[in-house]
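Architecture and fold: a report
Now for the letters of each chain:
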Amino acid sequence: MHEITLCQSAFEIIDSQAKLNHAQKVKSVWMEISALSCVEISALEFCFEIVCRDTLAQGCQLNIDVIPAKAWCWDCHEVVTVAKFDAGCPLCGSQNLRVENDDAMRIKQIEIE
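As the structure is a prediction and not an experimental result, all values here were calculated from the model.

**Overview of the nonpolar core**
In globular proteins that are soluble, nonpolar side chains generally tend to be buried together. Residues Val-26, Val-29, Met-31, Leu-44 and Phe-48 are the most contacted members of the largest nonpolar core, which totals 20 residues. Secondary-structure elements contributing two or more residues to this core are helix H1 (3–20), strand E1 (26–34), helix H2 (41–52) and strand E2 (61–67). With sequence-adjacent residues up to four places away left out, Leu-44 is seen in contact with Glu-3, Leu-6, Cys-7, Met-31, Ile-33, Val-39 and Ile-64.

The structure is reproduced here in structure tokens:
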């Protein structure tokens, strides 16, 4: 379960930004995760709650947007978006794709008080 490691890394960023901005509390966090990242959203939410326990982020609202991955289609020579591993090219139906950002995860926004 790599979700705990992802949450720990995300929390380090959140905590450092909160402290840098003299926050008393982290109210909300928005994350973007690639649809092909192999992250189980419910496990990520569970781990995030545990990692944030007894910190400035305890009880904050976690908002997760699952975003499609970008891929290059070798047959129609276009950049396309894919939402799952076995999806073909939405333009030509080819399975000959090179996925570009399959494991992306980023913190998009942090709301503090």
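**Some thoughts on the UniProt feature "binding site: Ni(2+)" (unreviewed entry) in the protein**
UniProt marks His-2 with the feature "binding site: Ni(2+)" (unreviewed entry), using the numbering shown here. Note on placement: His-2 falls in the segment before H1. The class for His-2 is partly exposed, based on a relative accessible area of 38%. Setting aside its immediate chain neighbours within four residues, His-2 contacts Ser-37, Cys-38 and Val-39.

**A look at the environment of Gly-88**
For Gly-88, the position within the fold is in the loop between strand E4 (79–82) and strand E5 (97–99). On the basis of relative accessible area, Gly-88 is assigned to the partly exposed category, the value being 22%. Gly-88 sits 15 residues away from Cys-73 along the chain, and the two C-alpha atoms are 9.0 Å apart.

Rules used in this analysis
Throughout, a residue's number is its position along its own chain's written sequence, starting from 1. Local features in this predicted model are restricted to residues whose pLDDT is 70 or higher, and side-chain atom pairs enter the listing and the counts only when it is 80 or higher, whereas totals over whole chains, interfaces and linings include all residues. Water and hydrogen atoms play no part in the side-chain values, which are based on all heavy atoms of the structure. The nonpolar core is taken to be a set of buried Ala, Val, Leu, Ile, Met, Phe, Trp, Tyr and Cys residues, with the residues joined through side-chain atoms within 4.5 Å. Here the term buried applies to any residue with accessible area under 20% of the maximum for its type, exposed to any over 50%, and partly exposed to those in between, with areas from a 1.4 Å probe on protein chains only. Runs of H or I in DSSP of at least four residues are treated as helices and runs of E of at least two as strands, each being numbered from the N terminus. The contact criterion used throughout is that any non-hydrogen atoms of two residues lie within 4.5 Å. UniProt positions are given in the numbering used here, feature names are shortened, and annotations may be inferred rather than shown by experiment.

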